[in-house]
Structure formats: C-alpha cells, structure tokens
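What follows is each chain in one-letter form.
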Amino acid sequence: MLGSLYAVSCFVYAMGSQALPLSTSSLLLATQLAFTAVFAFLFVGLRFTPFSANAVMLLIIGPAVLGVGPGSGKPAGEPSKTYWTGFCEGIAAAALAGLVLPLVEVAMERYGRRTGPAARTPPPYSTVMQMQAVMGAAGTIVCLLGMAIKSDFGALRSEAAAF
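Residues numbered from 1 in each chain as written. Predicted model: local features only at pLDDT ≥ 70, side-chain atom pairs only at ≥ 80, totals over all residues. Heavy atoms only, no water.

A.B. asks: I'm lost on the overall build of the protein chain in this one. Help?
C.D. replies: Looking only at helices and strands, the protein chain features seven helices and zero strands. N-terminal to C-terminal, the α/β element order of the protein chain is α-α-α-α-α-α-α. The burial tally for the protein chain puts 28% of its 163 residues in the buried class. Of the accessible surface of the protein chain, which amounts to about 10700 Å², a share of 71% is contributed by carbon and sulfur atoms. (Helix = DSSP H or I, 4+ residues; strand = E, 2+ residues; numbered from the N terminus. Buried < 20%, exposed > 50% of the residue type's maximum accessible area, 1.4 Å probe, protein only. Areas by Shrake-Rupley, 256 points an atom, 1.4 Å probe, with all protein chains shown as cover.)

A.B. asks: Sorry if this is basic, but what is going on with a nonpolar patch on the surface here?
C.D. replies: A surface patch of nonpolar side chains, amounting to about 470 Å² of accessible area, comprises Phe 41, Leu 42, Phe 43, Leu 46 and Phe 48. Looking at where Phe 48 falls in the secondary structure, it is placed in the loop between helix H3 (32–43) and helix H4 (50–68). Here Phe 48 falls in the partly exposed class, since its relative accessible area comes to 32%. (Patch = residues over 30% accessible without salt bridge, like charges linked within 9 Å, V, L, I, M, F, W, Y side chains within 5 Å. Salt bridge = Lys/Arg side-chain N within 4 Å of Asp/Glu carboxyl O.)

A.B. asks: What am I meant to see in the packing of aromatic side chains here?
C.D. replies: The geometry of two aromatic rings is summed up by the distance between their centres and the angle between their planes. Applying the stated criterion across every chain, the model contains six aromatic pairs. Between the aromatic rings of Tyr 83 and Phe 87, the centroid separation amounts to 6.2 Å while the plane-to-plane angle is 35 degrees, which identifies the pairing as tilted. Of the two residues, Tyr 83 and Phe 87 both sit in helix H5 (residues 80–111), four residues apart, roughly one turn of that helix. Clustering of aromatic rings is evident, with ring pairs tying together Phe 35, Phe 39 and Phe 43. (Phe/Tyr/Trp six-rings, centres within 6.5 Å; stacked < 30°, edge-to-face > 60°.)

A.B. asks: Whenever I open this one, the nonpolar core confuses me. Can you help?
C.D. replies: As a rule of thumb, soluble globular proteins bury nonpolar side chains together. Ranked by size, the top nonpolar core spans six residues in total: Leu 2, Val 100, Val 104, Met 108, Met 131 and Met 135. At the level of elements, H5 and helix H6 (125–150) are the ones that each hand at least two residues to this core. The dominant element in this core, judged by the number of residues it contributes, is H5, at three residues. Apart from residues lying up to four places away in sequence, Val 104 is in contact with Leu 2, Met 131 and Met 135. (Core = buried A, V, L, I, M, F, W, Y, C linked by side-chain atoms within 4.5 Å. Contact = heavy atoms within 4.5 Å.)

A.B. asks: How should the packing of H5 against H6 be read in this particular structure?
C.D. replies: H6 packs onto H5 with a crossing angle of 130 degrees between their chain directions and a minimal axis gap of 11 Å. In terms of orientation, H5 lies oblique with respect to H6. For the pair H5 and H6, the crossing hand works out as right-handed. For the pair formed by H5 and H6, the contact residues are Val 100, Val 104, Ala 107, Met 108 and Tyr 111 on the first element and Thr 127, Val 128, Gln 130, Met 131 and Met 135 on the second. (Axes fitted to C-alpha atoms, helices over the stretch in contact; angles between N-to-C directions. Parallel < 35°, antiparallel > 145°, perpendicular 65-115°, else oblique. Left-handed = near helix turned anticlockwise from the far one by under 90°.)

A.B. asks: Would you take a moment to explain the environment of Leu 2 for this structure?
C.D. replies: Counting through the fold element by element, Leu 2 comes out in helix H1 (residues 2–19). Given a relative accessible area of 14%, Leu 2 falls into the buried group. On a C-alpha basis, the gap between Leu 2 and Gly 136 in space is 9.2 Å, while along the polypeptide they are 134 residues apart. Apart from the residues lying within four places of it in its own chain, the contact partners of Leu 2 are Val 100, Leu 103, Val 104, Ala 107, Met 131 and Met 135.

A.B. asks: Would you explain the confidence of the model for the protein chain in this entry?
C.D. replies: When pLDDT is averaged across the protein chain, the result is 82; 87% of the residues are at 70 or more. Summarising per-element confidence for the protein chain, the mean pLDDT is lowest in H4 (79) and highest in H3 (89). (pLDDT = per-residue confidence, 0-100.)

A.B. asks: Would you explain H1 in this entry?
C.D. replies: An α-helical turn contains 3.6 residues, so any two residues separated by three or four positions project in the same direction. An ideal rise of 1.5 Å per residue puts 26 Å on 18 residues; H1 measures up with 26 Å between its terminal C-alpha atoms. Turning to H1, its buried residues number three or more, namely Leu 2, Gly 3, Ala 7, Ser 9, Val 12, Gly 16 and Ala 19. Buried residues in H1 make contact with H5 and H6. (Expected span 1.5 Å × (residues − 1).)

A.B. asks: What should I look at first to understand the environment of Gly 98 in this one?
C.D. replies: Mapped onto the secondary structure, Gly 98 falls in helix H5. Dropping the residues within four chain positions of it, Gly 98 is found in contact with Gln 32, Phe 35, Thr 36 and Phe 39.

The following block contains the structure:
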C-alpha cells in the first residue's frame, strides 16, 4: 500500500510538473516537509515546538503566496486553468509524499515490534531493507499496470531512440 501511494504521488507530481515552470514545481514540492510534519503530528505523535510550528506555517503560506501573488510564475500565454490544475497537482503530490513518510514509520514500528528490553531499539537493518524492497516492488507494479492499461510498452522503443 505504501509503495502504491508513493507511486501515485510521483505520477501526480509528474503531471503537475508538465503544467508548471520548474521553479514553481520545486517550491511546491518543498511543502512536503510541512505535510510530513503535520502527518507525523497526527500519526506518530510528533510534538511541535514554537520554532517547528512557525516553520510549518511558513512552508504552508509560501506556496499560497507563490500561486496567487502578482509574480506567480505563470508562463505568459498559458491558460489559467492549466496553471491551477498543475498547482493543485503539485500540492497533492507533496501531500501524498508527506503522508507516506509517517506511515512508513508507523508500519516500521508495527512490523519491527519487539517485546522486552529490546522494544526500544530500532528495527534491524534487514527489516528496513525489506520494507524498502517491498515498497519499491509495489511502486514498480503500479507503474507497470499503468503502462499495460495504456499500452505504452510499444512507445518505449521510440522514446529510447529519441533520447
């Protein structure tokens, strides 16, 4: 499930990046830090200090100002609907990526749970690698299913030749 969520996040980010300038797209993805902090507060029990709360607020307000400000970075001649669709997709991608990281921590706590005095030690390296491998495999399967549904396997050869 985590790998699928991350694959969807990457797909939504790629869709948003097509409609936005690189600078805007990068700034929107930086809000992933704010989303990670908020979701860590909700799921993991992260405690906010005044400094971290201030940083999260600035990371949330920044893209809003970027999107609606006078120098919003919208390319000249581009339809407003396209820009705002890309803007929302960039924020959604950051939110999904910010959700995945705390969920990985929750899953790691449950999957690597131990009892007794060893309960406070981090999970072993093999557990971490297993989680990463399963997430990567799930993300790959989601991408391959998308390619199979769209019949994009034939386009690989022409794209590789053009590259």
